[in-house]
Amino acid sequence: MTICLCLEVSVAKATTPVDLTITPRDRRFGRGSPIRRWWLNDDPIATAFYNALSVTFPKGEGYFVDSVRRFRDGTPPKLTAEINAFIKQEVIHTREHVAFNRHVTDQGYDVAPLIADVDAALALTKGRPAIASLAATTALEHFTAMLAHELIANPRHLAGGDQQAAALWQWHAAEEIEHKGVAYDTWLHATRDWPRFTRWRVKSLVMLITTWRFFTGRARGMTELLRQDGLTGPRIWARMAWYAFGNPGMARKIAGVWAAYFLPGFHPWKHDDRALIALAESDYEAAVLPVERRAAVA
């Protein structure tokens, strides 16, 4: 414990970049354009992963907003402005994933079991102090930032996806990177009077619980959607494991960044990956511009 505390004092403090601007981008995706049932490269496993994840967002992002907003009063002006922009971004994300989830149900999927799973996960902090919800939000925002980084940095994740569906995920990923420090900075402000070790112990314990719930929840969601496609059994479970840890291996590739959360002096912006936001914006424009406009600006 003493070693941990000394390291935390000695490690240079990382902070959110002073020149960071969080910009809500009010965009709409997939309105009136058909999306395939297995919209990601005709791959039921990949499609099930993103569909199951999307189903969690409307309630999950509402939870994030409520958790952070409870601690907004009294924050420094810069953080207050970032919280306000974070809330606007999350509200728009919710709207777009509600629309995307409508596509999922239009394909005949019953998502009620997945929503029940989300409700059960969010209920874990019900009746507890508000700081518990903020700790869970901080951990989950780290998850979304890790996934977002990998999603943009590695084009293979969305390769072969329907245009509008892929554009939605790329846009969402860019904004998750942009606001990845907001919940954590709010947590640091809310716990500013806590002993360092207490803060580290609580956030670490919550991250371990969150990680278990995240992986088991997504696995159950994928399994349920695949079951509705008539895809069950050990061979499908093996394909799911290979998708997560083999190729494209999202779970494997985020492992190091996940572990960094437990290090003394951790801050989401120790890794400044804002360049990916510009890349996503460029790819986004190329993806959604009509063919004639793409030719005109090429």
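Conventions adopted
- Residues numbered from 1 in each chain as written.
- Predicted model: local features only at pLDDT ≥ 70, side-chain atom pairs only at ≥ 80, totals over all residues.
- Heavy atoms only, no water.
- Core = buried A, V, L, I, M, F, W, Y, C linked by side-chain atoms within 4.5 Å.
- Buried < 20%, exposed > 50% of the residue type's maximum accessible area, 1.4 Å probe, protein only.
- Helix = DSSP H or I, 4+ residues; strand = E, 2+ residues; numbered from the N terminus.
- Contact = heavy atoms within 4.5 Å.
- Salt bridge = Lys/Arg side-chain N within 4 Å of Asp/Glu carboxyl O.
- Phe/Tyr/Trp six-rings, centres within 6.5 Å; stacked < 30°, edge-to-face > 60°.
- Lys NZ or Arg CZ within 6 Å of the ring centre and 35° of its normal.
- Axes fitted to C-alpha atoms, helices over the stretch in contact; angles between N-to-C directions.
- Parallel < 35°, antiparallel > 145°, perpendicular 65-115°, else oblique.
- Left-handed = near helix turned anticlockwise from the far one by under 90°.
- Nonpolar A, V, L, I, M, F, W, Y, C, P; charged D, E, K, R; others polar.

Chemist: Please set out the nonpolar core residue by residue, giving values where relevant.
Modeler: Residues Trp39, Tyr50 and Trp169 are the most contacted members of the largest nonpolar core, which totals 75 residues. It is helix α2 (residues 44–69) that provides the largest number of residues to this core, a total of 13 residues. Contact partners of tyrosine 50, with chain neighbours within four places excluded, come to Trp39, Leu40, Leu151, His157, Leu158, Trp169, Tyr243 and Met250.

Chemist: Please set out the pattern of salt bridges residue by residue, giving values where relevant.
Modeler: Under the criterion given, the structure shown has 18 salt bridges. With a shortest N-O distance of 2.7 Å, aspartate 229 and arginine 37 are connected by a salt bridge. Of the two residues, aspartate 229 is situated in the loop between α8 (196–228) and α9 (234–245) and arginine 37 in the loop between α1 (2–10) and α2; the sequence distance between them amounts to 192 residues. Residue arginine 37 is classed as partly exposed on the basis of its relative accessible area of 27%.

Chemist: Please give an account of the environment of glutamate 150 that cites residues and values.
Modeler: Looking at the secondary structure, you find glutamate 150 in helix α5 (residues 130–153). Spatially, the C-alpha atom of glutamate 150 lies 9.8 Å from that of alanine 251, the residues being 101 residues apart in sequence. Beyond its immediate sequence surroundings of up to four residues, glutamate 150 is in contact with His157, Met250, Lys253 and Ile254.

Chemist: How would you summarise the packing of aromatic side chains if you had to cite specific residues and measurements?
Modeler: All told, the structure shown has 18 aromatic pairs when counted by the stated rule. Seen from their ring centres, phenylalanine 143 and phenylalanine 214 are 4.5 Å apart, and the 20° between their planes marks the pair as stacked. Of this pair, phenylalanine 143 sits in helix α5 while phenylalanine 214 sits in helix α8, and the two are 71 residues apart along the sequence. The exposure classification of phenylalanine 143 matches that of phenylalanine 214, with both residues buried. Relative to phenylalanine 266, the ring of tyrosine 261 has its centre 5.1 Å away and its plane inclined at 55°; by these criteria the two rings are tilted. You can call tyrosine 261 buried: its relative accessible area is 1%. Through pairs of rings, three or more aromatic residues link up here, namely Trp39, Phe49, Tyr50, Phe57, Phe100, Trp169 and Tyr243. Here the guanidinium or amino end of arginine 37 rests over the ring plane of tyrosine 109, the centre of that ring lying 4.1 Å away. The residue whose ring lies beneath lysine 180 is tryptophan 269, and the NZ or CZ to ring-centre distance is 4.5 Å.

Chemist: Please provide a residue-by-residue account of unusual backbone geometry, values included.
Modeler: A negative phi holds for most residues other than glycine; trans holds for most peptide bonds. Cis geometry marks the peptide bond from asparagine 247 to proline 248, where omega comes out at 5°. Among the structural elements, proline 248 can be located in the loop between α9 and α10 (250–253). If you check the backbone angles, asparagine 41 has positive phi at about 60° while not being a glycine. Tracing the backbone shows asparagine 41 in the loop between α1 and α2. Look at aspartate 42: it is not a glycine, yet its phi comes out positive at around 55°. Looking at the element boundaries, aspartate 42 is found in the loop between α1 and α2.

Chemist: How would you summarise the packing of α2 against α9 if you had to cite specific residues and measurements?
Modeler: At a closest axis distance of 10 Å, the pairing of α2 and α9 adopts a crossing angle of 70°. For the element pair α2 / α9, the angle class is roughly perpendicular. Note that α2 runs across α9; the crossing there is right-handed. Note on element contacts: α9 touches α2 through Ile236, Arg239, Met240 and Tyr243, opposite Pro44, Ile45, Ala46, Phe49 and Tyr50. Its residues assigned to classes, the contact of α2 with α9 comprises eight nonpolar, no polar and one charged.

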